[in-house]
Amino acid sequence: QVQLGESGGGLVQAGGSLRLSCATSGRSFRLTDAGWYRQAPGKGREFVAGISWSGGRTLIADSVKGRFTISRDNAKNTVDLQMNSLKPEDTAIYYCTPGTLVITTYHPANIWGQGTQVTVSS
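Residues numbered from 1 in each chain as written. Predicted model: local features only at pLDDT ≥ 70, side-chain atom pairs only at ≥ 80, totals over all residues. Heavy atoms only, no water.

Draft legend 1. Focus on the overall build of the chain. If you tally the helices and strands in the chain, you get 0 helices and 11 strands. For the chain, the α and β elements follow one another from N to C terminus as β-β-β-β-β-β-β-β-β-β-β. The C-alpha radius of gyration of the chain comes to 13 Å, within 12% of the 14 Å expected for a compact globule of 122 residues. Overall, the chain is about 40 × 25 × 25 Å in size when its C-alpha atoms are taken along their principal axes. Residues classed as buried in the chain amount to 45% of the 122 residues present. (Helix = DSSP H or I, 4+ residues; strand = E, 2+ residues; numbered from the N terminus. Rg over C-alpha atoms; globule rule 2.2 N^0.38 Å. Buried < 20%, exposed > 50% of the residue type's maximum accessible area, 1.4 Å probe, protein only.)

Draft legend 2. Structural context of the pairing of strand β7 (residues 68-73). Burial along β7 is one-sided: Phe68, Ile70 and Arg72 are buried, and none of Thr69, Ser71 and Asp73, which face the opposite way, are. With 6 bridges joining them, β7 and strand β8 (residues 78-83) adopt antiparallel strand pairing. In the sheet register, Ser71 faces β8, and the bridge partner there is Asp80. The antiparallel pairing of β7 with β8 creates a hairpin that spans 4 residues between the two strands, and Asn77 there sits at a positive phi of about 55°. (Pairing = 2+ DSSP bridges.)

Draft legend 3. Quick look at the environment of Arg45. Inspection of the secondary structure assignment puts Arg45 in the loop between β4 (33-39) and β5 (46-51). Counting along the chain gives 48 residues from Arg45 to Ile93, while the straight-line C-alpha distance between them is 9.2 Å. Those residues in contact with Arg45, other than ones at most four positions away along the chain, are Tyr37, Arg38, Gln39, Tyr95 and Trp112. (Contact = heavy atoms within 4.5 Å.)

Draft legend 4. A look at unusual backbone geometry. Non-glycine residue Asn77 carries a positive phi angle of around 55°. In this fold, Asn77 is placed in the loop between β7 and β8. Phi at Ser85 takes a positive value of approximately 50°, unusual for a residue other than glycine. Structurally, Ser85 is set in the loop between β8 and β9 (92-101).

Draft legend 5. Expanded view of the nonpolar core. Core analysis: the largest hydrophobic core is formed by 31 residues, its most contacted members being Trp36, Val48, Phe68, Ile70, Leu81, Met83 and Tyr94. Contributing elements (two or more residues each) for this core: β3 (18-24), β4, β5, β6 (58-60), β7, β8, β9 and β11 (116-121). Leave out the neighbours within four places in its chain, and Leu81 touches Leu18, Arg19, Leu20, Trp36, Val48, Ala49, Phe68, Thr69, Ile70 and Tyr94. (Core = buried A, V, L, I, M, F, W, Y, C linked by side-chain atoms within 4.5 Å.)

Draft legend 6. Looking closely at the side chain of Asp90. Looking at where Asp90 falls in the secondary structure, it is placed in the loop between β8 and β9. Taking relative accessible area as the criterion, Asp90 reaches 1% and is therefore assigned buried. In contact with Asp90, other than residues within four places in its own chain, are Arg38, Val64, Arg67, Phe68, Ser85, Val118 and Val120.

Draft legend 7. Spotlight on the pairing of β5. The buried fraction of β5 amounts to 5 of the 6 residues, a majority that puts the element mostly inside the structure. As judged from the 5 bridges shared by β4 and β5, these two strands associate in the antiparallel manner. When the bridges of β5 are listed, Ala34 appears paired with Ile51. Between β4 and β5, which pair antiparallel in sequence order, lie 6 residues; one of them, Gly42, sits at a positive phi of approximately 75°. Looking at chain direction, β5 and β6 are connected through 3 bridges and run antiparallel.

Shown next, in the form of structure tokens:
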């Protein structure tokens, strides 16, 4: 079982920025594709961004394209999500997960961290 830990969330005004980080204690994480999802209260989990194991390919959801970027540092076993120009509708708990990235689709594994809360005020 891979252990995941999300951090970096907080309260920010609309138009502000946050950088989320996902850290894993397992060696296998660096060998897999990875992604970020988010879940607002009463809503299902929504795909945000994915990245290949090498970092060479990324997939960004249309709702955040141009504002969010995903990156990884395999030497540190971390996957980051840089969030700029935040909007109130970005408010959610954000989760990271290993999975499989194809050209137009990300397939998550059933492994999740505790999540980190992002709240964007008007």
